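Listed below, chain by chain, are the residues.
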Amino acid sequence: MNIEFTHEVLIYAIVGGIMASIISGIIGIVILEKRMVMMSGGVAHTAIGGMGLGYFFNFSPMLGAVVISVLASLGIGRFQRRNQQHTDVLIGVFWAMSMALGVLLMDISGQQVEFEEYLFGNIFSITPVQLWIFAGLLVLILLIFGGFYHAFKVYLFDEEFATVQGLNVRFLETILFIVLGLTTILLIKIVGMLLIVALYSAPPAIAKKFSRHFSTVILTTILLNLIFVIIGVVIAFQLKISSGTSIIFITGLTYFAVVTGEAIHKKKKARQQALVE
Amino acid sequence: MEKALRLSEVTINYHTQIAVQNVSLTVDQGEFLVITGPNGGGKSSLIKAILSLIPVTKGTIEILGKQQSEVKGKIGYVPQQTHFDHSFPITVRDAILMGRLPSKIGWFYRYSQTDHEVVNDLLEQMNIAGLAKRQLNELSGGQKQKVLIARALSSKPEVLILDEPTASLDVKAKAQIYDILKTLSQSMTIVMISHDEQLIARYASTIVFLNKEILYKGTELPHSPFNLGFGLSSMEALHEH
């Protein structure tokens, strides 16, 4: 990585990481409850196609990635609604086609693209302008999900009931897909598109094991994200490695530790109960 | 008085298959109607079409004399228990409160004192007040069903629609649910899918036997299909009859 590891870089990285933790904490629980983990991975990888378009037609690759990710998110979501059983195939095709298109366009345009940064993330290359964009997205997400908290809760728990209640489920879903596309681009900067799925799924899955209320699951997920991201950033800073790998390693190891601990606890409890009986 | 429900020549296609064909049915207000019949006979499709969850291919559906979109708040719905994520982190009180959410929800909407009072009354009515703070996934099947009925009732509906509310419950829990529904039927119309032959006979005011089309509508259980079970031969026998 061609980055000077100064304290300024570290501060930018931590501020960016805090904002990304809050955003992915909110979106992560939505993704987990709607079983959209694979879809989020697919959306992340379609970003390469958008970047390729940017390089080929000489406009901002990140803008291309944002547009294509949002369109992919909306497209896959609509298809999922109509043909539930074939979504995984569509995601796979979107995933591969978009990456192939992106690489092809980058090759034709003759640009030297550092893929590693997109694949594994590099929180240390965050610029002040990008931090402002993150802040804008964070405010937007807080206004949307805070403003319609109860509606989203019903929608996530029981979509059919929400529809019967007369809630505009299609509107909630469209907002969700747009935000998913935008958030995914932000997280590519932090953990990279290969690792994004872990950050979306593992922290809310851990939080669900310890929380009784929907609101506390969100808060716990945000807290876990903050811990994973900040520790990951500090380790990456010290070892001068990519931020995505360190963050995801900590996230993944914690998840497996919790799952194993839970399994041992259950086994122990069952054995004690058997002894009592 | 307007009919609670009026279906006119309703046909529903599910993908390329016909789920329901040419069904006409009227339900009076205050009726306790049970739809029964074989699996794959179109019962859930018909209910979902009444609730506007799936479109009808042909025909019309009126609820309380109006189009479906005009009576959203007047219908209560109790889905099958298998339908939602049981690990969702939600308490009994929060689940019932969901029924109080208005369709036109404002930004940063908060439940009112009245909403909480309605929920308190329903918790008492369903005899689950002691479970208010428990998580939904900690409850037994019968308790969960009471919560779902309370949620449906919290919007004060005029028509209550239930999709197999007693499926996978034990006999005692089933009887409790039917007792609750019998009491409710004195103040609202109930349309329910069920396979509980004996309980249907005891509680329902009208029974409809559906296998893509209505094969029977009456106040008592017909002998042939029920005594023979819901097999194809009994359907055909009844149809021919």
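Residues numbered from 1 in each chain as written. Chains lettered and ligands numbered in written order. Predicted model: local features only at pLDDT ≥ 70, side-chain atom pairs only at ≥ 80, totals over all residues.

1. Some details on the overall build of chain A
Stated formally: To qualify as a helix, a DSSP run of H or I must reach at least 4 residues; to qualify as a strand, a run of E must reach at least 2; elements of each kind are numbered from the N terminus. The reference for a compact globule is 2.2 Å times residues^0.38; the radius of gyration itself is calculated from the C-alpha atoms. In this scheme every C-beta is placed from the backbone, and a residue whose C-beta has 20 or more other C-beta atoms within 10 Å is buried, one with 12 or fewer is exposed, and one in between is partly exposed.
A tally of helices and strands in chain A yields 12 helices and 0 strands. The helix and strand sequence of chain A, counted from the amino end, reads α-α-α-α-α-α-α-α-α-α-α-α. Relative to the compact-globule value of 19 Å for 277 residues, chain A shows a C-alpha radius of gyration of 20 Å, a close match. Seen through its principal axes, chain A has C-alpha atoms that stretch 70 × 50 × 35 Å. For chain A, the residues scored as buried account for 48% of the 277 residues in total.

2. Observations concerning the interface of chain A and chain B
To keep things clear, this is the line we draw: Each residue gets a C-beta atom placed from its backbone, and two residues are in contact if those atoms lie within 7 Å.
At the interface, 22 residues of chain A touch 23 residues of chain B. Listed by contribution, the elements that provide at least two residues to the side of chain A that touches chain B are α6 (128-147), α7 (149-157), α8 (159-165) and α11 (214-239) of chain A. It is α8 of chain A that contributes the most residues to the side of chain A that touches chain B, 5 residues altogether.

3. Examining unusual backbone geometry
Residue and element names in this part refer to chain B. In this structure, S52 is a non-glycine residue whose phi angle is positive, near 65 degrees. By the secondary structure assignment, S52 is in the loop between α1 (43-50) and β4 (58-63). The partly exposed category is assigned to S52, around which 19 C-beta atoms lie within 10 Å. Phi is positive for K156, which is not a glycine, with a value near 55 degrees. With respect to the helices and strands, K156 occurs in the loop between α4 (141-153) and β6 (159-163). Under the C-beta neighbour-count criterion, K156 is labelled exposed, with 12 such atoms within 10 Å.

4. Focus on the UniProt feature "transmembrane region" (unreviewed entry) in chain A
Residues and elements named next belong to chain A. Where we set the bar: UniProt positions are given in the numbering used here, feature names are shortened, and annotations may be inferred rather than shown by experiment.
When the UniProt feature table is mapped onto this chain, "transmembrane region" (unreviewed entry) is found at residues 12-32, 53-77, 89-108, 129-152, 175-202, 214-239 and 245-264. Taken end to end, residues 12-32 has its terminal C-alpha atoms 29 Å apart, with 100% of it in helix and 0% in strand. The straight-line gap between the two end C-alpha atoms of residues 175-202 is 23 Å; of that span, 86% is helix and 0% is strand.

5. Some points on the sheet that holds strand β7 (residues 189-193) of chain B
Residue and element names in this part refer to chain B. Put simply, the test is: If DSSP finds at least two bridges between two strands, the strands pair. Only the contacting stretch of a helix is used when fitting its axis, a line to C-alpha atoms as for every element, and angles between N-to-C directions run 0 to 180 degrees.
The 6 strands are arranged β5-β6-β7-β3-β8-β9 in an open sheet whose pairing can be described as mixed. Edge strands, defined here as strands with exactly one partner in the open sheet, are β5 (75-78) and β9 (213-218). Neighbour to neighbour, the strand axes of the sheet diverge by 15 degrees on average, direction disregarded. Pairing of strand β3 (residues 32-36) with β7, which is carried by 4 bridges, proceeds in the parallel orientation. The residue bridging V34 from the neighbouring strand is M192, located in β7. Its contacts with the sheet put α1 on β3, β6, β7 and β8 (206-211), and the angle it makes with β6 is roughly 145 degrees.

6. Points about helix α10 (residues 196-210) of chain A
With 12 of 15 residues buried, α10 of chain A is to be regarded as a mostly interior element. Those residues of α10 of chain A not exposed but buried are I196, V197, A198, L199, Y200, S201, A202, P203, P204, I206, A207 and K208 of chain A.

7. Quick notes on helix α3 (residues 113-125) of chain B
All names here are of chain B. Filter applied, for reference: The length a helix should cover is 1.5 Å for every residue beyond the first. Think of it as the arc spanned by the lines of direction from the helix axis to the C-beta atoms.
If you check α3, its first and last C-alpha atoms are 18 Å apart, about what 13 residues at 1.5 Å a residue would give, namely 18 Å. Among the residues of α3, V118, V119, L122 and L123 are the ones counted as buried. Angular distribution of buried residues about the axis of α3 spans 140 degrees; they occupy a single face of the element. Turned more than 90 degrees away from the buried face of α3, the exposed residues are Q113, T114, E117 and E124.

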